[in-house]
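Chain by chain, the residues run as shown.
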Amino acid sequence: SQKIEQNSEALNIQEGKTATLTCNYTNYSPAYLQWYRQDPGRGPVFLLLIRENEKEKRKERLKVTFDTTLKQSLFHITASQPADSATYLCALAPLGNKFYFGSGTKLNVKP
Amino acid sequence: SQTIHQWPATLVQPVGSPLSLECTVEGTSNPNLYWYRQAAGRGLQLLFYSVGIGQISSEVPQNLSASRPQDRQFILSSKKLLLSDSGFYLCAWTSGRADEQFFGPGTRLTVL
């Protein structure tokens with residue numbers, strides 16, 4: 001069966017450090033992989049998209065890598081801040097109009 | 001600019017009662033529309049998506065249904081709610097290129 005796995009345990013880091021979140025998938029050949037941020041009680045907000053032919057994408061303090069051989073994406077937040085505390089979701093778009101989400105990893109950045 | 005609305009924001013319904021959740025999008029035309037459900041502490045489960053008026057694709061067989069009576073309106077319905085229908089329901093839209101999704105504020109449904 002198709003699976004998208006994110007670490008279900010919360011990631012606790014100190015302010016200023018780099019947070020690294022992992023998204024692993026099986027049985028997909030995604031054209032896109034996306035990362036979203038979700039705050040409690042709110043809808044997810046799009047952060048970054050990376051395509052299958054891209055290895056890395058950056059946006060300000062965010063960096064995403066995509067390894068289609070390992071079937072893995074890594075999401076990095078450098079110089080993390082308490083305001084970065086949220087749940088981060090990865091999503092795959094294997095076929096045109098459909099998106100499949102992981103369960104998310106909660107990030108806690110402590111001052 | 002584009003905006004997406006969902007209502008109601010919260011809903012408490014008894015088991016066996018009907019359901020109607022509405023989602024509307026402003027500022028764009030011919031969007032792809034999506035309904036997701038998120039159980040507590042879980043990821044988003046794709047329920048339905050639509051690429052045009054009257055065109056609905058169902059991802060998970062269940063007692064829910066969806067309709068798209070107008071280009072920018074997407075409705076989620078049920079004739080008889082189950083306890084397992086409780087969750088956070090999110091509507092989202094994308095342009096036709098299947099890039100980033102824009103989510104609505106969500107509806108928190110509790111079935112008692």
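These numbers were taken from a predicted model, which means no experiment stands behind them.

(A) Fine view of the pattern of salt bridges. Counting across every chain of the model gives 8 salt bridges over all chains. Linking Arg61(A) and Asp84(A) is a salt bridge whose minimum nitrogen-to-oxygen distance equals 2.9 Å. Of this pair, Arg61(A) sits in the loop between β6 (56–59) and β7 (62–67) while Asp84(A) sits in the loop between β8 (72–77) and β9 (86–93), and the two are 23 residues apart along the sequence. Across the salt bridge formed by Arg68(B) and Asp71(B), the nearest N and O atoms sit 3.2 Å from each other.

(B) Region of interest: the sheet that holds strand β3 (residues 19–26) of chain A. All names here are of chain A. Judged by pairing direction, the sheet is antiparallel, and its 5 strands sit side by side in the order β1-β3-β8-β7-β6 without closing on themselves. With partners counted over all chains shown, the strands left at the sheet margins are β1 (3–6) and β6, one partner each. Between one strand axis and the next, the sheet turns by 15° as a mean value, whatever way the strands run. As paired strands, β7 and β8 are joined by 6 bridges and run antiparallel to one another. Residue pairing in the sheet places Phe66 in a bridge with Ser73 of β8.

(C) How the structure looks around the interface of chain B and chain A. With 24 residues of chain B at the interface, the matching set in chain A holds 19 residues. Where chain B abuts chain A, roughly 1,600 Å² becomes buried across the two surfaces, and 55% of that area is made up of carbon and sulfur atoms. In this assembly, chain B and chain A are joined by 1 salt bridge. A salt bridge links Lys98(A) to Glu59(B), with the shortest nitrogen-to-oxygen separation between them at 3.3 Å. Between chain B and chain A we count 4 residue pairs in polar contact (both at pLDDT 80 or more) in total. Its residues assigned to classes, the side of chain B that touches chain A comprises 11 nonpolar, 7 polar and 6 charged.

(D) Spotlight on unusual backbone geometry. Residues Trp7(B) and Pro8(B) are joined by a peptide bond in cis, for which omega reads 0°. Within the element layout of this structure, Pro8(B) appears in the loop between β1 (3–7) and β2 (10–13). In this structure, Glu60(A) takes a positive phi of about 55° despite not being glycine. If you check the backbone angles, Asn30(B) has positive phi at about 50° while not being a glycine. Of note, Asn30(B) is situated in the loop between β3 (19–26) and β4 (32–38). Taking the relative accessible area as the measure of exposure, Asn30(B) reaches 48% and is therefore partly exposed.

(E) Representation of the environment of Pro31(B) in the model. Residue and element names in this part refer to chain B. Tracing the sequence through the fold places Pro31 in the loop between β3 and β4. Along the backbone, Pro31 and Leu19 are 12 residues apart, and their C-alpha atoms lie at a distance of 24 Å. Excluding residues that lie within four positions of it along the chain, Pro31 makes contacts with Ser50, Val51, Arg68, Asp71, Arg72, Trp93 and Thr94.

(F) Quick peek at the state of the cysteines. Counting across every chain of the model gives 2 disulfides over all chains. The side chain of Cys23(A) participates in a disulfide bridge whose partner is Cys90(A); the two sulfur atoms lie 2.0 Å from each other. Residues Cys23(A) and Cys90(A) are joined by a disulfide whose S-S torsion is about 65°; by sign, that bridge is right-handed. Placement of the pair is Cys23(A) in strand β3 and Cys90(A) in strand β9, with a sequence separation of 67 residues. The same class applies to Cys23(A) as to Cys90(A), namely buried. Paired through a disulfide, Cys23(B) and Cys91(B) show a sulfur-sulfur distance of 2.0 Å. Here Cys23(B) and Cys91(B) share a disulfide; its torsion about the S-S bond, -75°, makes the bridge left-handed. Residue Cys23(B) is located in strand β3, and its partner Cys91(B) is located in strand β9 (residues 87–94); the two are separated by 68 residues in the primary sequence. The exposure class assigned to Cys23(B) is buried, which follows from its relative accessible area of 0%.

(G) Expanded view of the nonpolar core. Core analysis: the biggest nonpolar cluster contains 42 residues, and Trp35(A), Phe75(A), Tyr88(A), Phe101(A) and Tyr36(B) have the highest contact counts within it. In terms of residue count, the dominant contributor to this core is β9(A) (7 residues). Membership of the second largest hydrophobic core comes to 20 residues, among which are Leu19(B), Phe48(B), Tyr89(B) and Cys91(B).

The rules behind the values
Residues numbered from 1 in each chain as written. Chains lettered and ligands numbered in written order. Predicted model: local features only at pLDDT ≥ 70, side-chain atom pairs only at ≥ 80, totals over all residues. Heavy atoms only, no water. Salt bridge = Lys/Arg side-chain N within 4 Å of Asp/Glu carboxyl O. Helix = DSSP H or I, 4+ residues; strand = E, 2+ residues; numbered from the N terminus. Pairing = 2+ DSSP bridges. Axes fitted to C-alpha atoms, helices over the stretch in contact; angles between N-to-C directions. Contact = heavy atoms within 4.5 Å. Buried area = accessible area lost by both parts, 1.4 Å probe. Polar contact = N/O pair within 3.5 Å; in protein donor to acceptor, adjacent residues only side chain to side chain. Nonpolar A, V, L, I, M, F, W, Y, C, P; charged D, E, K, R; others polar. Buried < 20%, exposed > 50% of the residue type's maximum accessible area, 1.4 Å probe, protein only. Disulfide = S-S within 2.5 Å. Core = buried A, V, L, I, M, F, W, Y, C linked by side-chain atoms within 4.5 Å.

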